Amino acid sequence: MDVKTGLFYLFSAVLLFAAFRVITARNPVYAALYLVLAFFQAAAVWILLKAEFLAIALVLVYVGAVMVLFLFVVMMLDINIDSLRAGFWKHFPLAATVGAVIALEMAAVLLGGFRTGEEPRTLTAAQAAAAAQPNTKELGKLLYSQYLYPLEIAAVILLVAIIAAIALTLRKRKDSRHMDPSDQVRVRPQDRVRIVSMNPTLVQPAPEPVAAAAVEAKP
């Protein structure tokens, strides 16, 4: 067994352990951290398979953005964990059935790729030249040539989703002291300061002190 195979088994074992701990950890923060570990191990496996673009995208998008946001939400919100676990055993049979079906489908797909006895395929000159290029470069060529319109449609859909999320969360608060910048620019001195003409006021003299003999208490 060479070094590459040993690293593959090591990363795969850690990946399976982290994935198992994601669904068995009682603390949601620990589960999210185990999921981050699983993403890193999957990225390492993809690097061994010479799919560096997928590995970098997994680390940057999921670990660097999605999981950080998930951890922020979990740690900032007061989530009642007991209420979430109340219906675990109630929905366990359905979840186990769905999981078994998915496992059988994955096994059917994976076992089809490990069949032996087939003759090795001979690559053409164009395929051999494409295989020698980095997959990031080839993926860029495909995205901006053959799949240009689907890429633009996906970009428009994401832009609409971002605008919709901002519009849904935009609320006018009554206790906010927000001021319109356009009103601040168009303001005039007469609108801010008003000069009022008033008559002068006279200061009343202070009352004279009463003599001490006048205020003596009578017996």
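None of the values given here were measured: they were computed from a predicted structure.

**Examining a nonpolar patch on the surface**
Thinking step 1. Together, Ile56, Leu60, Val61, Tyr62 and Val66 make up an exposed nonpolar region whose accessible area comes to about 470 Å².
Thinking step 2. Relative to the helices and strands, Leu60 resides in helix α3 (residues 52-76).
Thinking step 3. Under the relative-accessibility criterion, Leu60 is labelled exposed at 57%.

**Details of the UniProt feature "transmembrane region" (unreviewed entry) in the protein chain**
Thinking step 1. Following the UniProt record, the feature "transmembrane region" (unreviewed entry) maps to residues 6-23, 30-49, 55-79, 91-114 and 147-170 here.
Thinking step 2. Taken end to end, residues 6-23 has its terminal C-alpha atoms 27 Å apart, with 100% of it in helix and 0% in strand.
Thinking step 3. From the first C-alpha to the last, residues 30-49 spans 29 Å; its make-up is 95% helix and 0% strand.

**Section: the packing of helix α2 (residues 28-48) against α3**
Thinking step 1. Two numbers describe how α2 lies on α3: the axes approach to 9 Å, and their chain directions differ by 175°. Comparing their axes, α3 and α2 come out roughly antiparallel. Residues Pro28, Val29, Ala32, Leu33, Leu35, Val36, Phe39, Phe40, Ala42, Ala43, Trp46 and Ile47 of α2 form the contact with α3, whose own contacting residues are Glu52, Leu54, Ala55, Leu58, Val59, Tyr62, Val63, Met67, Phe70, Leu71, Val74 and Met75.

**Looking at the nonpolar core**
Thinking step 1. The biggest cluster of nonpolar side chains holds 12 residues, and these are Val29, Ala32, Val36, Phe39, Ala42, Ala43, Ala55, Leu58, Val63, Met67, Leu71 and Val74.
Thinking step 2. Elements supplying a minimum of two residues to this core: α2 and α3.
Thinking step 3. Those residues in contact with Val29, other than ones at most four positions away along the chain, are Leu71, Val74 and Met75.

**Here we look at unusual backbone geometry**
Peptide bonds are mostly trans, and most non-glycine residues show a negative phi.
Thinking step 1. Positive phi outside glycine occurs at Lys50, with the angle close to 65°.
Thinking step 2. Topologically, Lys50 is positioned in the loop between α2 and α3.

About the cut-offs
Residues numbered from 1 in each chain as written. Predicted model: local features only at pLDDT ≥ 70, side-chain atom pairs only at ≥ 80, totals over all residues. Heavy atoms only, no water. Patch = residues over 30% accessible without salt bridge, like charges linked within 9 Å, V, L, I, M, F, W, Y side chains within 5 Å. Areas by Shrake-Rupley, 256 points an atom, 1.4 Å probe, with all protein chains shown as cover. Salt bridge = Lys/Arg side-chain N within 4 Å of Asp/Glu carboxyl O. Helix = DSSP H or I, 4+ residues; strand = E, 2+ residues; numbered from the N terminus. Buried < 20%, exposed > 50% of the residue type's maximum accessible area, 1.4 Å probe, protein only. UniProt positions renumbered as here; feature names shortened; annotations may be inferred. Axes fitted to C-alpha atoms, helices over the stretch in contact; angles between N-to-C directions. Parallel < 35°, antiparallel > 145°, perpendicular 65-115°, else oblique. Contact = heavy atoms within 4.5 Å. Core = buried A, V, L, I, M, F, W, Y, C linked by side-chain atoms within 4.5 Å.

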